[in-house]
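So you can see what is in the structure, the chains are spelled out below.
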Amino acid sequence: VSFGYEDVAPDEKTARVGEVFRNVAARYDVMNDAMSGGLHRIWKDVFVRRVKPRPGEQFLDMAGGTGDVAFRLATAGAAVTVADINPAMLEVGMGRAAERGHDGLVWSEMNAEQLAFPDRFFDGYTIAFGIRNVTDIPRALAEAHRVLRRGGRFFCLEFSTTLWPGFADVYDAYSHHLVPKLGKWIAQDEASYRYLVESIRRFPDMARFEAMIGEAGFVQTRVEPMLGGLVAIHSGWKV
Ligand code: SAM
């Protein structure tokens, strides 16, 4: 499997991704604002508006990290479990939840590839900027399908490939040159941000990823590009 610019064994990838997010956890929220010029907040707003959680619904926010999507789901009235493989990210998230008075969330350390929840437990599954870091993506999608009830919805927010040609060039230059530098200046960590940029480049394109969601058993799959597909919302239903 690929980790940034190299190919590594699956276990090695999981361990290295763990290291990346342990390293960036403390500066993660600041870096998101710096790298996206605050745009990630709008993408997450659009995402949760699209998810449309209803009060009382059970949601799993997978790879939930420091809680950005989970807080939005909870504000809409959903009961949210935040799961992430990385305790350092969850730690920051729990601190932010306490500051903001989101006290009803459940925080759980878990690998997306192997969920400890029973079959058909959740009404909705969200994963934002998380799936491309997962080592075995088909396995994570199969687990998402398993823990959703019939009629449950799957939603993924992820970087993809913009189909706007001029914009693609600008973005490429920005992400390959400036993002690692921002990582160096703000988080004293250039290598982690090199990995993050490269993991975006290697992620399957919109149509391919939509097909993978279908292969996991979801129906009525859809993809909604933003900025030509720089970021995309993929969704599907379990029936
Ligand atoms: N969803 C949050 C957001 O949008 O701000 C966090 C996104 S952050 C870029 C990616 C997260 O994926 C990290 O918190 C990382 O620990 C988590 N992650 C990576 N591999 C994972 C896996 N196999 N299972 C669960 N979480 C994973």
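If you check an unreviewed UniProt entry, the protein chain appears there as Ubiquinone/menaquinone biosynthesis C-methyltransferase UbiE from Sphingomonas baiyangensis. For the protein chain, the Function (unreviewed entry) comment in UniProt is given as "Methyltransferase required for the conversion of demethylmenaquinol (DMKH2) to menaquinol (MKH2) and the conversion of 2-polyprenyl-6-methoxy-1,4-benzoquinol (DDMQH2) to 2-polyprenyl-3-methyl-6-methoxy-1,4-benzoquinol (DMQH2)." Under the Sequence similarities (unreviewed entry) heading, UniProt states for the protein chain: "Belongs to the class I-like SAM-binding methyltransferase superfamily. MenG/UbiE family."

Visitor: Explain helix H6 (residues 137-147) to me, and be specific about the residues and the numbers.
Guide: When H6 is considered as a whole, its buried residues turn out to be Ile137, Ala140, Leu141, Glu143, Ala144 and Val147. One face of H6 carries all of its buried residues, which in axial projection span an arc of 160°.

Visitor: Hey, could you go over the site of the ligand for me, with residue numbers and the actual values?
Guide: Among the 20 residues in the neighbourhood of the ligand, the closest are listed as Ala63, Gly65, Asn86, Ala112 and Asn133. Each residue belonging to the shell around the ligand can be placed in one class, and the counts come to 10 nonpolar, 7 polar and 3 charged.

Visitor: So what about the environment of Val147? Which residues, and what values?
Guide: Secondary-structure assignment places Val147 in helix H6. For Val147, a count of 21 C-beta atoms within 10 Å gives the class buried. Measuring from C-alpha to C-alpha, the distance between Val147 and Lys184 comes to 39 Å, with 37 residues separating the pair along the chain.

Visitor: I'd like to hear about helix H9 (residues 206-215), residue by residue, with values.
Guide: For H9, the complete set of buried residues consists of Phe209, Glu210 and Ile213. Down the axis of H9, the buried set is contained in an arc of 105°. They therefore lie on one face. Turned more than 90 degrees from where H9 packs its buried face, Ala207, Arg208 and Glu215 sit exposed. Tucked into the core, H9 has its buried residues touching H6, strand S7 (148-159), strand S8 (219-226) and strand S9 (231-237). Where H9 terminates, the next one or two residues include Gly217, which has phi positive at roughly 110°.

Visitor: Break down unusual backbone geometry for me, with residues and values.
Guide: Even without glycine at this site, Phe129 takes up a positive phi of about 50°. Positive phi outside glycine occurs at Gln188, with the angle close to 50°. Assignment of secondary structure puts Gln188 in the loop between helix H7 (165-187) and helix H8 (190-202). When the 10 C-beta atoms within 10 Å are taken as the criterion, Gln188 is described as exposed.

Visitor: So what's going on with the UniProt feature "binding site: S-adenosyl-L-methionine" (unreviewed entry) in the protein chain? Residues and values would help.
Guide: Look at the UniProt record and you will see "binding site: S-adenosyl-L-methionine" (unreviewed entry) annotated at Thr66, Asp84, Asn111 and Ala112. Tracing the backbone through its elements, the reader meets Thr66 in the loop between strand S3 (58-62) and helix H4 (68-75). On the basis of neighbour count, Thr66 is assigned to the buried category, with 25 C-beta atoms found within 10 Å. Once residues within four sequence positions are removed from consideration, Thr66 is found in contact with Tyr28, Asp29, Met89, Val92, Gly93 and Arg96.

Visitor: Requested: an account of the pairing of strand S5 (residues 106-109), with residues and values cited.
Guide: Of the strand pairs in this sheet, strand S4 (residues 79-84) and S5 are connected by 4 bridges, and their pairing is parallel. Bridged to Thr81 within S5 is Val106. With helix H5 (residues 87-100) bridging S4 and its parallel neighbour S5, the resulting β-α-β unit is right-handed.

Criteria and thresholds
- Residues numbered from 1 in each chain as written.
- Predicted model: local features only at pLDDT ≥ 70, side-chain atom pairs only at ≥ 80, totals over all residues.
- UniProt positions renumbered as here; feature names shortened; annotations may be inferred.
- Buried ≥ 20, exposed ≤ 12 C-beta atoms within 10 Å, placed from the backbone.
- Helix = DSSP H or I, 4+ residues; strand = E, 2+ residues; numbered from the N terminus.
- Arc of directions from axis to C-beta.
- Near = placed C-beta within 6 Å.
- Nonpolar A, V, L, I, M, F, W, Y, C, P; charged D, E, K, R; others polar.
- Contact = placed C-beta atoms within 7 Å.
- Pairing = 2+ DSSP bridges.
- Right-handed = clockwise from strand over helix to strand, strands pointing away.

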